[in-house]
Amino acid sequence: MLLTPFMALLQDAAPAAADNTGMVKIIAGVLALVLVGIIIMRRKSSSKKGDDEEF
């Protein structure tokens, strides 16, 4: 079994710090929303430029 040594290592690992995980999740969520907003704004601006070039 290849997974047995990995399972042993995971069981012996120290538990994650509970005090910073909430803040990390909030920051990651905000950054994800900002990136999605940037992608949407770039797609809207590029579609407007494409309409002008057709005429």
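Coordinates for the structure precede this section.
Numbers given to residues run from 1 along each chain, matching the order in which its sequence is written. Side-chain atom pairs in this predicted model are given and counted only at pLDDT of 80 or more, local residue features only at pLDDT of at least 70, and totals for whole chains, interfaces and linings cover all residues. Excluding hydrogens and water, the side-chain figures rest on all heavy atoms present in the structure.

Once that is clear, we can look at the overall build of the protein chain. In this text, helices come from DSSP runs of H or I with a minimum length of four residues, and strands from runs of E with a minimum of two, each type numbered from the N-terminal end. Counting its secondary structure elements, the protein chain contains two helices and zero strands. Here the term buried applies to any residue with accessible area under 20% of the maximum for its type, exposed to any over 50%, and partly exposed to those in between, with areas from a 1.4 Å probe on protein chains only. The proportion of buried residues among the 55 residues of the protein chain is 0%. All accessibility values rest on the Shrake-Rupley procedure with a 1.4 Å probe; residue burial counts only the protein chains present in the view. Here the protein chain displays about 5,500 Å² of accessible surface, and carbon together with sulfur accounts for 70% of that area.

A separate point is a nonpolar patch on the surface. Taken together, the side chains of Ile26, Val30, Val34, Leu35 and Ile38 make up a nonpolar region of the molecular surface, amounting to roughly 450 Å² of accessible area. Mapped onto the elements of the fold, valine 30 is located in helix 2 (residues 18-54). Nonpolar side chains (Val, Leu, Ile, Met, Phe, Trp, Tyr) within 5 Å and like charges within 9 Å form the patches, drawn only from residues with over 30% relative accessible area and no salt bridge. By convention in these notes, a salt bridge is any Lys or Arg side-chain nitrogen within 4 Å of a carboxyl oxygen on Asp or Glu.

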